[in-house]
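An overview of the molecular structure
Read off the chains here:
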Amino acid sequence: MTPIDILIMAAGQGTRMKSRRPKVLQRLAGRPLLLHVLDQALHLQARSAIVITGHGAAEVQAASAQAIHAGRHLDLGFVRQEQQLGTGHAVQQALPQLRDDGTVLVLSGDVPLTRADTLRALVAAGQGGQLALLTVTLPDPAGYGRIVRSVSGTVQGIVEHQDAAEAERAITEVYGGIMAVPAPLLRGWLARLGPHDARGEIYLTDIVAMAVADGVPVVAHRISDTVQVAGVNTPVQLAELERAYQLRQARALMEQGLRLADPARFDLRDDARSGVRGELLCGQDVEIDVNCIFTGRVELGEGVQIGAHCCIANARIAAGAVIHPYTHIDGEQPGATVGEGALVGPFARLRPGAQLGRRVHVGNFVEIKNSRLADGAKANHLAYLGDATVGERVNYGAGSITANYDGANKHRTVIEADAHIGSNCVLVAPVTIGAGGTVGAGSTITKSTAAGALSVVRGKQISRADWVRPARQAKP
């Protein structure tokens, strides 16, 4: 096959999105639409990709660079379409950068879900000096260019919806906005393109009639999956494609053995903060309940159970762990880990740097940040552990916190193995609680304690048997 050079049309403003953000930078599964399209260039091992920018050109160009990863070569270039004069005019802007020894694949930056194998088949259909069009049959083709065929079935041209006669509008096979064409032929046809209508728009689809007139075969690679050619022009369409994309991911995971309570209520997204791609790796017999969101790279070991309404980002959860409903694990670098057989939640929050050992219990309304809990440690209720090292079998009482921040710097708390921290305690870092020690409920600990010691810091209790509660005075 000849080298593939990709043109991506990304100049439109997308006024119907009603957003300051350029249309091609609207997010699908946490990633801009344009990056989904550029992914196809990488999957196809294209030689180059040229992004045709216009509205928000600087933002679009900066976002495009994120799609090119180290070790994956792609010559990425940009051209500017200053005036929005149609698809033909857009492609004309890229003409000086096109090489004559390749196949040009024309894509749209707002059509994110075309499969790589579909594009490979389209490029293959265009080999040997042919013009290849991606087409699809739609029950309601309004707004799409119709594929006009001869009596023998050969493609004769594309008629845009607004220019189509009544009989042509009845045609249900439409042009999907994607074509593959030999570069030398495209160069010649682009030079002959002119304004199609009184508005001065130049249609790229007019080259189909030119190809027929020049005796160049025009072939149609027809698909049945309409999602692959669906574009985004409105928030409603974006939401529809989000669901289609998520369902595609859910089905792929279920084919690998994942148990999803409802594939229509599942999300796997890129981490927009770090650029980590959405990836869910599952062992055998993993079960995920409804309305769970996975962000970045998440690993679930064998037999893991994820309860309903959990949000889990950049985390490793070992075999047999149970994540109860409404748990939030935000493993932004350096990530979060949950050990084998651990129980987390409901309503727990693990922040970056949380590391839970085997059989650790973290209960409702417990928050853990940059802390390691060794095997068998428990923090079951209403607690905070920040910048802490917690030993094996520690029991951390309800309402207790590590006071790790002094207003300027973070400090670390160490709780050694088998220590017991009573309810409503404050451990003021830096401090160490010795192995096997006990901290009495309600204590504020500011100094390290010895192994095995009981430490209690409280005001003296006073009880007055003759005390009378003040009575409310009557209003005048």
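Refer to the structure presented above.
The notes below deal with the structure included here. Just so it is clear, the structure is predicted and the values come from calculations on it, not from any experiment. The residue count restarts for each chain, going from 1 along the sequence in the order it is written. Thresholds applied to this predicted model are a pLDDT of at least 70 for local features of residues and 80 or more for the giving and counting of side-chain atom pairs; totals over whole chains, interfaces and linings are not thresholded and use all residues. Side-chain metrics in this entry use all non-hydrogen atoms of the structure; hydrogen atoms and water are not considered.

Comments concerning the overall build of the protein
For the record, the criterion: Here a strand is any run of E in DSSP of at least two residues, a helix any run of H or I of at least four, and the numbering for each starts at the N terminus. For this measure, only C-alpha atoms enter the radius of gyration; the expected value for a globule follows 2.2 Å times N^0.38, where N is the number of residues. For the exposure calls, accessible area comes from a 1.4 Å probe over protein chains only, and a residue counts as buried if that area is under 20% of its type's maximum, exposed if over 50%, partly exposed in between. Here, two residues are considered to be in contact whenever any of their heavy atoms come within 4.5 Å of each other. Under the counting rule used here, the positive set is Lys and Arg, the negative set is Asp and Glu, and His together with the chain ends is not counted. Lys charges are placed at NZ, Arg charges at CZ, Asp charges at CG and Glu charges at CD.
A count of helices and strands for the protein gives 8 helices and 37 strands. For 476 residues, the compact-globule estimate of 2.2 N^0.38 gives 23 Å, and the protein exceeds it by more than 25% at 31 Å. For the protein, the C-alpha atoms occupy an extent of roughly 105 × 65 × 40 Å along the three principal directions. Across the 476 residues that make up the protein, the buried fraction comes to 48%. For the protein, the proportion of contacts with a sequence separation of at least 24, taken over those separated by at least 6, is 46%. The positive charge centre, built from 47 side chains, and the negative charge centre, built from 44, are 9 Å apart in the protein.

Remarks on the pattern of salt bridges
Formally: Take a side-chain nitrogen of Lys or Arg and a carboxyl oxygen of Asp or Glu: if they are within 4 Å of each other, that pair is a salt bridge.
Following the criterion strictly, the structure yields 29 salt bridges and no others. Notably, a salt bridge pairs Arg277 with Asp39, separated by 3.1 Å at the nearest N-O pair. Of the two residues, Arg277 sits in the loop between strand 13 (266-269) and strand 14 (279-282) while Asp39 sits in helix 1 (residues 33-43), which places them 238 residues apart along the sequence. On the basis of relative accessible area, Asp39 is assigned to the buried category, the value being 8%.

So, the pairing of strand 1 (residues 4-10)
Residues in a regular strand point their side chains to alternate faces of the sheet. Note the following rule: Two strands are counted as paired when DSSP detects at least two bridges linking them.
Extensive coverage of strand 1 is indicated by the burial of 7 of its 7 residues. In strand 1, alternate side chains face the same way, and those of Ile4, Ile6, Ile8 and Ala10 on one face and Asp5, Leu7 and Met9 on the other are all buried. Two strands pair when backbone bridges link them, and strand 1 and strand 6 (residues 103-108) are joined in this way by 6 bridges, in the parallel orientation. Paired with Leu7 across the strands is Val106, a residue of strand 6. When strand 1 meets strand 4 (residues 48-53), the two strands line up parallel, connected through 6 bridges.

Some remarks on unusual backbone geometry
Glycine aside, residues mostly have negative phi, and peptide bonds are mostly found in the trans state. Each neighbour pair has its own omega, and for Gly345 with Pro346 the value is 0°, a cis peptide bond. Mapped onto the secondary structure, Pro346 falls in the loop between strand 22 (343-344) and strand 23 (349-350). Note the cis peptide between Ala429 and Pro430, where omega equals 0°. One non-glycine residue, Phe347, lies in the positive phi region at around 60°.

Here's the deal with the state of the cysteines
For clarity, the cut-off: The disulfide criterion used throughout: a pair of cysteine sulfur atoms within 2.5 Å.
Going through the model one piece at a time under the given rule, you end up with 0 disulfides. The cysteine Cys282 is free of any disulfide, with Cys292 supplying the nearest cysteine sulfur at 11 Å. Classification of Cys282 by relative accessible area gives partly exposed; the value is 32%. Considering cysteine sulfurs only, Cys310 is the nearest to Cys292, which forms no disulfide, with 4.8 Å between them.

What to know about helix 6 (residues 183-192)
Basically, it comes down to this: Note that the arc is computed from the directions linking the helix axis to the C-beta atoms.
Those residues of helix 6 that sit buried are Ala183, Leu186, Trp189 and Leu190. For helix 6, the angular spread of buried residues about the axis comes to 125°, placing them on one side. Against the buried residues of helix 6 lie helix 3 (87-93), strand 6, strand 7 (131-137), strand 10 (173-182) and helix 7 (206-213).

Thoughts on the side chain of Asp270
Where we set the bar: Side-chain atoms alone can form a polar contact between residues adjacent in sequence; in general such a contact is a pair of N or O atoms within 3.5 Å, and within protein one must be able to donate a hydrogen while the other accepts it.
Inspection of the secondary structure puts Asp270 in the loop between strand 13 and strand 14. From its side chain, Asp270 meets the backbone nitrogen of Gly278 in a polar contact 2.9 Å long. Non-local contacts of Asp270, meaning those with residues more than four positions away in its chain, are made with Ala29, Gly30, Arg31, Val276, Arg277, Gly278, Thr295 and Gly296.

Regarding helix 7
Each α-helix turn comprises 3.6 residues. Residues three or four places apart therefore point the same way. Those residues of helix 7 lying buried are Asp206, Ile207, Val208, Met210 and Ala211. Structurally, helix 7 contributes buried residues whose contacts are with strand 7, strand 9 (155-159), strand 10, helix 6 and strand 11 (218-223). Just downstream of helix 7, Gly215 is the residue with a positive phi angle, here 80°.

What about the layout of surface pockets?
The condition is simple: Here a cavity is any set of points on a 1 Å grid over the protein atoms alone where a 1.4 Å probe fits but cannot get out, and a pocket is any open set with protein on both sides within 12 Å along at least 5 of 7 lines; a residue lines the site when it has an atom within 4 Å of a point. Grid points are joined across faces, edges and corners, and a volume is the space filled by probe spheres set on the points. As a working rule, the residues Ala, Val, Leu, Ile, Met, Phe, Trp, Tyr, Cys and Pro are called nonpolar, Asp, Glu, Lys and Arg charged, and the rest polar, with Gly in that last group.
Taken as a whole, the largest pocket encloses approximately 1600 Å³ of empty space. Those elements giving two or more residues to the lining of the largest pocket turn out to be strand 1, helix 3, strand 10 and helix 8 (235-255). Residue contributions to the lining of the largest pocket peak at 4 residues, all from strand 10. Residues that form the lining of the largest pocket fall into these classes: 20 nonpolar, 19 polar and 7 charged. Of the voids in this model, the second largest pocket is the one considered here, and its volume is about 710 Å³. Lining the second largest pocket are 28 residues, with Arg31, His43, Tyr245, Arg248 and Gln249 positioned closest to its centre. Only helix 1, helix 8, strand 13 and strand 14 provide two or more residues apiece to the lining of the second largest pocket. Of the residues contributing to the lining of the second largest pocket, the split by class is 11 nonpolar, 8 polar and 9 charged.

Some thoughts on a nonpolar patch on the surface
Put simply, the rule reads: Patch criteria: residues need more than 30% relative accessible area and no salt bridge. Like-charged residues are merged within 9 Å; nonpolar side chains of Val, Leu, Ile, Met, Phe, Trp and Tyr are merged within 5 Å. To be clear on the numbers: accessible area is Shrake-Rupley with a 1.4 Å probe, and residue cover counts the displayed protein chains and nothing else.
On the surface, a nonpolar cluster with roughly 430 Å² of combined accessible area is contributed by Tyr326, Phe347, Phe365 and Leu382. Residue position: Phe365 is located in strand 25 (residues 361-369). Its relative accessible area of 49% is what places Phe365 among the partly exposed residues.

Thoughts on empty space enclosed by the protein
Going through the model one piece at a time under the given rule, you end up with 1 cavity of 30 Å³ or more. Here the largest cavity defines a volume of roughly 40 Å³. Every residue along the wall of the largest cavity is listed here: His36, Val37, Gln40, Leu107, Ser108, Val111, Pro112, Thr114, Leu119 and Ile178. Elements that contribute at least two residues to the lining of the largest cavity include exactly helix 1 and strand 6. Considering each element in turn, the lining of the largest cavity owes the most residues, 3 residues, to helix 1. Residues belonging to the lining of the largest cavity are distributed by class as follows: 6 nonpolar, 4 polar and no charged.

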